[in-house]
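Here's the letter readout for the chains.
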Amino acid sequence: MTYPPGLFKELGFLSLYLTGVGLVGFQFDQLPWIVLGALSIYFFWHISQAVRLNLWLNQSKKYSKPYAVGIWRGVLSAIEALRERGRKRKRKLGRMLSGFQQSTSALPDATVVIDSSGEMEWWNDSATRILGLDRKQDMGRNIEGVITDPVFLGYLTDGDYLRPIQIPDPVDGSVSLEVRVVPYGKGKRLLQARDITRLQQLETVRRDFVANVSHEMRTPLTVIHGYLETMVDSVDPGLAPWSRIVMQMQQQTTRMQRIVWDLLLLSRLETNQDTEGQVEVDVPALVERLEQEAATLSASASHVIHVDIDPALKLFANPDELDSAFSNLVFNAVRYTPAGGEIFLAWALTEQGPCFSVRDTGIGIEAEHIPRLTERFYRVDVGRSRQSGGTGLGLAIVKHVLTRHNGRLQIESQPGKGSLFRCCFPASRIC
Ligand code: ADP
């Protein structure tokens with residue numbers, strides 16, 4: 001056990017004091033009264049020290065600290081040490097905060113700290129420039145009064161901040177911003193906005209280029225394919241030695257036509273932002289039709305196809321886009337499941353909303369490939385995909401269609417055991 005500094009001095013003083021007082025009391029034959037008086041003085045001294053301490057702790061600028069004698073020396077030095085430690089921590093935090101503010105100020109992205117009610121508490125220089133904020137006028141203003149775009153307001157109130165949104169700059173409408181909100185602390189939110197105008201321009205150039213090339217290739221390909229078809233069907237004996245070559249050429253043009261068709265479909269999905277063409281889709285009928293088409297495609301491979309459909313579940317969607325997405329998944333299941341395997345198609349209302357799922361007992365996919373499957377031309381086994389007539393664009397189409405319907409694609413798979421592709425839509429789309 002460690003004793004507080006000054007304790008022994010205090011006790012020494014007290015015993016000397018009481019002895020001295022005792023002697024005086026003894027001499028005057030008033031021992032109890034004199035000792036009682038001396039103890040009262042001692043008691044009031046400590047009370048006055050405690051009062052001083054209280055005042056000094058609360059208003060150290062106005063009141064002086066208690067006398068650092070006896071046991072009070074230890075108490076005061078402990079308090080000083082604590083205060084010094086607090087001051088050091090404050091200085092360190094201050095340095096960290098100003099370092100943080102300097103670094104965020106230097107960032108090209110606008111950064112704004114908003115509280116739980118949406119009031120702006122702090123922002124960096126880029127936010128002043130990008131969002132047109134004024135340090136004097138806008139401090140404490142609600143962010144909803146600064147960025148009034150309805151998409152942003154919806155994003156802010158929805159509270160689903162997993163994905164960033166794209167909105168026009170409130171200052172200059174020709175600039176596009178990518179806005180992300182990150183919640184932290186107790187109800188605080190960090191808003192980040194970056195200028196993506198250039199990126200968007202590049203993306204438009206890329207999209208237009210792919211769409212134009214695909215479009216330009218369509219006609220020559222149709223012509224070549226048509227001639228090749230005529231040559232394949234021809235009975236001209238002069239063509240007989242070329243028949244295998246012509247057949248291969250025709251197969252390749254068919255493949256190229258499929259790629260061009262898928263590329264055009266993808267670019268249509270990317271460019272067309274409106275939701276026109278969305279109606280009540282009879283998904284049960286669509287799934288039934290896909291089951292039959294899958295059986296035809298399976299042909300001699302004779303897969304066993306199981307179907308589980310909720311007949312009353314209809315969806316507000318674009319019928320052609322839904323058809324493209326679902327058929328890609330069903331045909332993939334047939335193509336990547338060895339002969340005799342099983343395929344399960346389901347359309348049902350689940351906890352995640354209405355979901356269409358395709359499960360197969362096919363070759364499966366290694367976990368490392370799954371996050372990349374929806375990239376264009378990403379194929380686990382290029383040879384196998386080509387051989388079975390794949391373009392490498394099917395899952396990219398599925399992803400785009402789902403994004404346009406606020407849906408999500410989930411993929412689970414085990415190599416050698418099979419795969420599950422599930423498309424889930426928001427419950428608000430049920431008709
Ligand atoms: P592809 O035309 O090559 O099938 P997709 O975009 O449809 O292109 O699919 C991408 C890749 O995902 C395929 O090449 C294949 O490797 C894998 N894949 C898709 N569906 C399945 C499935 N049901 N089972 C196993 N692998 C699959």
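Residues numbered from 1 in each chain as written. Predicted model: local features only at pLDDT ≥ 70, side-chain atom pairs only at ≥ 80, totals over all residues. Heavy atoms only, no water.

Draft legend 1. Expanded view of the pairing of strand β4 (residues 176-184). Inspection of the sheet shows strand β3 (residues 165-168) paired to β4 by 4 bridges, in the antiparallel sense. From the neighbouring strand, P168 faces β4, where its bridge partner is S176. Hairpin remark: β4 followed by strand β5 (residues 188-195), antiparallel, with 3 residues in the connecting loop; positive phi at G185, about 55°. (Pairing = 2+ DSSP bridges. Helix = DSSP H or I, 4+ residues; strand = E, 2+ residues; numbered from the N terminus.)

Draft legend 2. Structural view of the packing of aromatic side chains. Tallied over the entire structure, the rule returns 8 aromatic pairs. With 4.1 Å between their ring centres and 20° between their planes, F326 and F356 make a pair best called stacked. Placement of F326 in helix α10 (residues 319-335) and of F356 in strand β10 (residues 353-360) is noted, with a sequence separation of 30 residues between them. You'll find F326 and F356 in the same group, each marked buried. Through a chain of ring-to-ring contacts, three or more aromatic side chains come together here, namely F13, Y17 and Y42. Sitting over the ring of Y67, R52 keeps its end group 4.5 Å from the ring centre. Across the ring face of F344, the terminal group of R359 is positioned such that the distance to the ring centre comes to 4.2 Å. (Phe/Tyr/Trp six-rings, centres within 6.5 Å; stacked < 30°, edge-to-face > 60°. Buried < 20%, exposed > 50% of the residue type's maximum accessible area, 1.4 Å probe, protein only. Lys NZ or Arg CZ within 6 Å of the ring centre and 35° of its normal.)

Draft legend 3. Up close: the sheet that holds strand β7 (residues 304-309). Pairing is mixed in the open sheet, where 5 strands are placed in the order β7-β9-β10-β12-β11. A strand with exactly one partner marks an edge of an open sheet, and here the two such strands are β7 and β11 (408-414). Going across the sheet, the axis of each strand differs from the next one's by a mean of 10°, ignoring polarity. (Axes fitted to C-alpha atoms, helices over the stretch in contact; angles between N-to-C directions.)

Draft legend 4. Summary view of the state of the cysteines. The tally for this structure, following the rule as stated, stands at 1 disulfide. Between C423, a free cysteine, and C424, which holds the nearest cysteine sulfur, the sulfur-to-sulfur gap is 7.5 Å. For C423, a relative accessible area of 0% translates into the label buried. Note on C431: no disulfide assigned, nearest cysteine sulfur contributed by C355 at a separation of 16 Å. Looking at C431, the relative accessible area reads 41%, which means it is partly exposed. (Disulfide = S-S within 2.5 Å.)

Draft legend 5. Broad picture of the packing of helix α7 (residues 197-233) against helix α8 (residues 243-271). Interhelical geometry of α7 versus α8 gives an angle of 150° and a closest axis separation of 8 Å. One way to sum up the angle between α7 and α8 is to call them roughly antiparallel. Crossing of α7 against α8: the hand is left-handed. Among the residues forming the contact of α7 with α8, the class breakdown is 15 nonpolar, 10 polar and 6 charged. (Parallel < 35°, antiparallel > 145°, perpendicular 65-115°, else oblique. Left-handed = near helix turned anticlockwise from the far one by under 90°. Nonpolar A, V, L, I, M, F, W, Y, C, P; charged D, E, K, R; others polar.)

Draft legend 6. The arrangement of helix α1 (residues 7-27) in detail. Between its first and last C-alpha atoms α1 spans 30 Å; for 21 residues at 1.5 Å apiece the expected length is 30 Å, and the two agree. Looking at the buried side of α1, the elements it contacts are α2 (31-58) and α3 (71-106). (Expected span 1.5 Å × (residues − 1). Contact = heavy atoms within 4.5 Å.)

Draft legend 7. Fine view of the site of the ligand. Taken together, 21 residues surround the ligand, and among them N332, Y336, S385, G392 and L395 come closest. Contact between the ligand and N332: an oxygen atom at 2.8 Å from a side-chain N or O atom of the residue. The contact in question runs from an oxygen atom of the ligand to an N or O atom on the backbone of L395, over 2.8 Å. Within the complex, the protein chains bury 98% of what would otherwise be the 520 Å² of accessible surface of the ligand. (Near = heavy atom within 4 Å. Polar contact = N/O pair within 3.5 Å; in protein donor to acceptor, adjacent residues only side chain to side chain. Areas by Shrake-Rupley, 256 points an atom, 1.4 Å probe, with all protein chains shown as cover.)

Draft legend 8. Representation of the pairing of strand β9 (residues 342-350) in the model. As paired strands, β7 and β9 are joined by 6 bridges and run parallel to one another. Within β9, the position partnered with D308 by the bridge is A346. Here β9 folds back onto β10, and the loop between the two strands holds 2 residues.

Draft legend 9. Representation of the domain arrangement of the chain in the model. Domain annotation for the chain reports domain 1 (7-95), domain 2 (107-195), domain 3 (199-271) and domain 4 (279-429). Using C-alpha coordinates to define each centre, domain 1 is positioned 56 Å away from domain 2. (Domains from an automatic or database assignment.)

Draft legend 10. Focus on α10. Over its 17 residues, α10 runs 24 Å from end to end, which matches the ideal 24 Å to within 8%, given 1.5 Å per residue. Across the 17 residues of α10, 12 count as buried, placing the element largely inside the fold. Of all the residues in α10, the buried ones are E321, L322, S324, A325, F326, S327, N328, L329, V330, N332, A333 and V334. Sitting at the head of α10, N318 places a side-chain oxygen 3.0 Å from the backbone nitrogen of D320.

Draft legend 11. Fine view of the packing of α1 against α2. Two elements in contact, α1 and α2, have axes separated by 8 Å at closest approach and are oriented at 150°. By the criterion of interaxial angle, the relationship of α1 to α2 is roughly antiparallel. Considering the relative orientation of α1 and α2, their crossing is right-handed. Along the contact surface, α1 presents E10, F13, L14, Y17, L18, V21, G22, V24, G25 and F26, while α2 presents L31, I34, V35, A38, L39, I41, Y42 and H46. Of the residues assigned to the contact of α1 with α2, the class counts are 14 nonpolar, 3 polar and 1 charged.

Draft legend 12. Up close: the side chain of D138. Examined against the element boundaries, D138 turns out to sit in helix α5 (residues 135-138). On the basis of relative accessible area, D138 is assigned to the buried category, the value being 5%. Only 2.7 Å separates the side chain of D138 from the backbone nitrogen of D134, close enough to count as a polar contact. Here R141 takes part through its side chain, which lies 2.8 Å from a polar atom of the side chain of D138. Look past the residues within four positions of D138 in its chain and what remains in contact with it is M120, W123, G132 and L133.

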